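These are the residues of each chain, in order.
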Amino acid sequence: MSKEKTSFVYVTYIRSTPEKVFEAITKPEIARRYWGHENVSDWKPGSDWQHVRANEERTVNIVGKVVEIAPPTRLVITWANPSQAADPASYSRVSFDVEAYDDMVRLTVTHDELEAGSGMATGIQKGWPIVLSSLKSLLETGQGIDVFAKPKAA
Amino acid sequence: MDADKIFKALGDPTRRKLLDLLYARNGQTLGELCDHLDMARQSVTQHIGLLEAANLVSTVWRGREKLHFINPVPLHEVYERWVRKFERQRLSLLHDLKKELEGE
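Scoring rules and cut-offs
- Residues numbered from 1 in each chain as written.
- Chains lettered and ligands numbered in written order.
- Predicted model: local features only at pLDDT ≥ 70, side-chain atom pairs only at ≥ 80, totals over all residues.
- Helix = DSSP H or I, 4+ residues; strand = E, 2+ residues; numbered from the N terminus.
- Rg over C-alpha atoms; globule rule 2.2 N^0.38 Å.
- Buried ≥ 20, exposed ≤ 12 C-beta atoms within 10 Å, placed from the backbone.
- Contact = placed C-beta atoms within 7 Å.
- Nonpolar A, V, L, I, M, F, W, Y, C, P; charged D, E, K, R; others polar.
- Pairing = 2+ DSSP bridges.
- Axes fitted to C-alpha atoms, helices over the stretch in contact; angles between N-to-C directions.
- Core = buried A, V, L, I, M, F, W, Y, C linked by C-beta atoms within 7 Å.

### A look at the overall build of chain A
Link 1 in the chain: Helix and strand counts for chain A stand at three helices and seven strands.
Link 2 in the chain: Ordered by position from N to C terminus, the α and β elements of chain A give β-α-α-β-β-β-β-β-β-α.
Link 3 in the chain: Taken against the 2.2 N^0.38 rule, which gives 15 Å for 154 residues, the C-alpha radius of gyration of chain A at 15 Å falls within 12% of a compact globule.
Link 4 in the chain: Along the first, second and third principal axes, the C-alpha atoms of chain A reach 45 × 45 × 30 Å.
Link 5 in the chain: Buried positions account for 32% of the 154 residues belonging to chain A.
Link 6 in the chain: When contacts within chain A are restricted to residue pairs at least 6 apart in sequence, long-range pairs at least 24 apart make up 40% of them.

### Considering the interface of chain A and chain B
Link 1 in the chain: Tallying the contact residues gives 16 residues for chain A and 17 residues for chain B.
Link 2 in the chain: The set of elements that each furnish at least two residues to the side of chain A that touches chain B consists of strand S1 (5-14) and helix H3 (119-141) of chain A.
Link 3 in the chain: The element contributing the most residues to the side of chain A that touches chain B is S1 of chain A, with eight residues.
Link 4 in the chain: Per-class residue counts for the side of chain A that touches chain B are 11 nonpolar, four polar and one charged.

### Concerning the sheet that holds strand S5 (residues 74-79) of chain A
All names here are of chain A.
Link 1 in the chain: Spatial strand order, S1-S7-S6-S5-S4-S3-S2: seven strands in an open sheet with antiparallel pairing. Both outer strands of the open sheet, S1 and strand S2 (37-40), are each paired with one neighbouring strand and no more. Adjacent strand axes in the sheet meet at a mean angle of 25 degrees when their direction is disregarded.
Link 2 in the chain: In this fold helix H1 (residues 18-26) packs onto S1, S2, S5, strand S6 (92-101) and strand S7 (104-115), with an angle of close to 155 degrees to the strand it touches most, S6.

### Details of the pairing of strand S3 (residues 48-53) of chain A
Residue and element names in this part refer to chain A.
Link 1 in the chain: Sheet analysis places S2 next to S3, joined by four bridges and oriented antiparallel. Of the residues in S3, the one forming a bridge with Asn 39 is His 51.
Link 2 in the chain: Strand direction decides the pairing type here: S3 and strand S4 (residues 60-70), joined by five bridges, are antiparallel. Within S4, the residue paired with Gln 50 across the bridge is Val 63.

### Quick word on the pairing of S7 of chain A
Residue and element names in this part refer to chain A.
Link 1 in the chain: Pairing geometry for S1 and S7, over nine bridges, is antiparallel. From the neighbouring strand, Thr 6 faces S7, where its bridge partner is Leu 114.
Link 2 in the chain: Relative to S7, S6 runs antiparallel, the two sharing nine bridges. Along S7, the bridge assignment pairs Arg 93 with Asp 112.
Link 3 in the chain: In this structure, the hairpin formed by S6 and S7 is closed by a connection of two residues, where Asp 102 is found at a positive phi of approximately 50 degrees.

### Digging into the nonpolar core
Link 1 in the chain: Of all hydrophobic cores here, the largest spans 45 residues; its most connected members are Tyr 10, Val 21, Trp 128, Leu 132 and Leu 135 of chain A together with Leu 51 and Val 57 of chain B.
Link 2 in the chain: Sort the elements by how many residues they give to this core and H3 of chain A lands first, with nine residues.
Link 3 in the chain: Discounting residues that sit within four places of it in the chain, Leu 132 of chain A has contacts with Tyr 10, Thr 12 and Val 109 of chain A together with Val 73 of chain B.

### Some words on unusual backbone geometry
The general pattern is negative phi for most residues beyond glycine and trans for most peptide bonds.
Residues and elements named next belong to chain A.
Link 1 in the chain: Cis geometry marks the peptide bond from Pro 71 to Pro 72, where omega comes out at -5 degrees.
Link 2 in the chain: Relative to the helices and strands, Pro 72 is located in the loop between S4 and S5.
Link 3 in the chain: Its identity as a non-glycine residue notwithstanding, Asp 102 has a phi of 50 degrees, on the positive side.
Link 4 in the chain: The phi dihedral of Glu 113 falls on the positive side, at around 60 degrees, and the residue is not glycine.
Link 5 in the chain: Note that Glu 113 resides in strand S7.

Written out as structure tokens, the structure reads:
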């Protein structure tokens, strides 16, 4: 019997263009400025992609495949912890939908096929709101927020 | 971020309960949400409408079912703007004290 799955849908409105939002996800030199990571791939359907920490260690934190790509409106990728990359059941799926909305862009990130209660499900629930706020901040103000920030120790 | 809409949406116990229900189990239908609320379906629809207008809830159609998802992105923006900037250190001390006193 397959394990119970869960999904999350995140939406943010950004004063920008669909092209800029799409590039911010797929171009390493932009992603590193608000995500602290780069998404590295040749962005062809079926190709690998890697989520690489943008520091000297260049740790690969997430791996997957490009499922579907239609710039600047849609990107679908699979998503797994590199330590579980050999297990097909460990892959979840992330879809980015980018649509023009008045003078803004509506970006919807749907993360589904996640194992309910897994460490990955917990992690992405903390991660996506911060990453999307930071993306919005970068595109609207030129400055991302520190995605690794933690409350200062007392 | 439309802060007025967000604070208005949060300024009501039913709407906060709806967010708690979706946090506990994401992707529920209107019917499932109504099961937890002692209130007419039409009123629940109105509350959800205000949450959607504030972008705190997003909806997805799966076949004939409309599923509701909590969208915490605007809450994070509120946090960045209205909480994090004000003396994080003191907040964290107060939080520890409260936890200790409440015996959590």
